[in-house]
Amino acid sequence: MVKEVRVSNEILYVCERCGLRYREKIWAERCEDFCTRYNACSIEITKHAVKDLDILKT
Ligand SMILES: [Zn+2]
């Protein structure tokens, strides 16, 4: 299940398998799907993840 978290004034979606955060729910769902199936992250998906620096900047 993708988890929603509020960071300052925006909602991020968290992959519960690897803990990466995304602005778009669809990417969090794809990430979790991939993580669950292969027990690893896909670089193609994780490049859409939000880094801590991106959050601090906004
Ligand atoms: Zn993941």
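Residues numbered from 1 in each chain as written. Predicted model: local features only at pLDDT ≥ 70, side-chain atom pairs only at ≥ 80, totals over all residues.

Take the confidence of the model for the chain next. In the predicted model, the chain carries a mean pLDDT of 91, and 90% of its residues have values of at least 70. Within the chain, no element has a lower average pLDDT than helix α3 (residues 52–57), which sits at 64, and none a higher one than helix α1 (residues 25–38), at 97. (pLDDT = per-residue confidence, 0-100. Helix = DSSP H or I, 4+ residues; strand = E, 2+ residues; numbered from the N terminus.)

Pairing analysis gives 5 bridges linking strand β1 (residues 3–7) to strand β2 (residues 10–14), with the strands arranged antiparallel. Opposite E4, over in β2, you have Y13 as the bridge partner. Taking the residues between adjacent antiparallel strands as the criterion, β1 and β2 are bridged by 2 residues, where S8 takes a positive phi near 45°. Turn length for the β2-strand β3 (residues 21–22) hairpin, with the two strands adjacent in sequence and antiparallel, is 6 residues, and the turn residue G19 shows positive phi of about 85°. (Pairing = 2+ DSSP bridges.)

Attention shifts here to unusual backbone geometry. Located in the positive-phi region is S8, a residue other than glycine, with phi close to 45°. By the secondary structure assignment, S8 is in the loop between β1 and β2. Taking the C-beta count within 10 Å as the criterion, S8 has 7 such neighbours and is therefore assigned exposed. Of note, N39 is a non-glycine position whose phi angle comes to about 60°, a positive value. Structurally, N39 can be placed in the loop between α1 and α2 (43–46). (Buried ≥ 20, exposed ≤ 12 C-beta atoms within 10 Å, placed from the backbone.)

Glancing now at the environment of V5. Within the secondary structure, V5 is located in strand β1. For V5, a count of 10 C-beta atoms within 10 Å gives the class exposed. Residues V5 and R21, spaced 16 residues apart in sequence, show a C-alpha to C-alpha distance of 8.7 Å. Dropping the residues within four chain positions of it, V5 is found in contact with L12, V14 and R21. (Contact = placed C-beta atoms within 7 Å.)

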